Amino acid sequence: MLMNLSVMGNTLVISMVGALINLSDINLIENALNSKKQKLNLNGEIKWTKVTDNYLEKYIDMINLFFEFIKSGKIKVRIMFAQNAFVSDGLTKKQTDNEYSILYYFFLKDAFGLKYSNNTPFKNKVNFSYYLDDLPCSEEQKNALKNSMFRYNFELRQNNTEITEIVEIDSKKHVIQQCMDIILGSMNFKLNDFDKIKDEQTGKRSKRTIAKEKLYKVINKNIREIRKGFNVGVSTSNDNDVTNIWKHEYRHWNFISKYSHFDKTLTKKGNKKDNSK
């Protein structure tokens, strides 16, 4: 399981992305994506921040290939986002200091529905390995997060399922995570209204912003081919079957703590009103 856990600064929404891939398919997928990169002369790391008008068509080719693997069931993708307008209540200082690592814990634990992954527990065992990139936490927080996930095994083992390893990797060396970065970046771009940003002098959007919007629309089109009417800003329905949290190829999760309140001044509209004063 490959994870990009990212916190975007000065935004209204923070988000994270993960991809689940069968071990037997990783080499096939990586070889196909790296071959495409080489054919397109995309040297070095590909990522959302590098999207420009000149490179748009190449990035579209890359992301369309990535979605072919999602549509065929070889990759499952989950994105979780949390709106800053939902402010947590009654947190201790320690909980506040660990707020992001707590979010990561819920994402790693619940986003893919691991406890629903093994439908033949008396015949087979299902093992999961986590490969994490970009953990903006202290070593103490990282270790606490990993220990919490391994403790989750007490529940998973009841269904003959287990998390066997949690390691950190460098996304510069892994093309699958680079493609995940592009998808995550596009969702941050849309959810934070970065597609509407205009130059203060010209009153127009930059070529880069327009290129990124075009790439986002390609990604959104791919998602809607998987699930008609998909809304990027809400949690994906489980269609009255909780096991679909595991089964679906692509899902979004709008995380809202039940111990929180909504502060409308922290929303897009709230910010606009404050800026107009």
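For the structure itself, look to the data block above.
Residues numbered from 1 in each chain as written. Predicted model: local features only at pLDDT ≥ 70, side-chain atom pairs only at ≥ 80, totals over all residues. Heavy atoms only, no water.

## Structural notes on the pattern of salt bridges
Cut-off, in case you're wondering: By convention in these notes, a salt bridge is any Lys or Arg side-chain nitrogen within 4 Å of a carboxyl oxygen on Asp or Glu. Every helix listed is a DSSP run of H or I at least four residues long, and every strand listed is a run of E at least two residues long, numbered separately from the N terminus. Here the term buried applies to any residue with accessible area under 20% of the maximum for its type, exposed to any over 50%, and partly exposed to those in between, with areas from a 1.4 Å probe on protein chains only.
Summed over all chains, the structure comprises 14 salt bridges. A salt bridge links K125 to E162, with the shortest nitrogen-to-oxygen separation between them at 2.5 Å. Taken as a pair, K125 in the loop between α4 (99–110) and β5 (126–133) and E162 in strand β6 (residues 161–168) lie far apart in primary sequence, 37 residues in all. Looking at E162, the relative accessible area reads 16%, which means it is buried. Ionic pairing is found between R227 and D239, a salt bridge with its closest N-O pair at 2.8 Å. With R227 in the loop between α8 (207–226) and α9 (244–247) and D239 in the loop between α8 and α9, the pair connects residues that are 12 residues apart, well separated along the chain. For R227, a relative accessible area of 23% gives the class partly exposed. Several salt bridges share partner residues, and in doing so they unite E139, K142, K146 and E168 into one network.

## Let's talk about the packing of helix α2 (residues 56–71) against helix α7 (residues 175–191)
Rules: Between the N-to-C directions of two axes lies an angle of 0 to 180 degrees, each axis being a line fitted to C-alpha atoms and, for a helix, fitted only over the stretch in contact. Our angle categories are set so that under 35 degrees counts as roughly parallel, over 145 as roughly antiparallel, 65 to 115 as roughly perpendicular, and the remainder as oblique. Contacts: residue pairs with any heavy atoms within 4.5 Å of one another. We call Asp, Glu, Lys and Arg charged. Ala, Val, Leu, Ile, Met, Phe, Trp, Tyr, Cys and Pro are nonpolar, and the rest, Gly among them, are polar.
Relative to each other, α2 and α7 sit at 105°, their axes nearing to 10 Å. It follows that α2 is roughly perpendicular to α7 by the angle criterion. In this structure, α2 uses Y59, M62, I63, F66 and F67 to contact α7, whose residues at the interface are V175, I176, C179, M180, I182 and I183. Across the contact of α2 with α7, the residue classes tally to 11 nonpolar, no polar and no charged.

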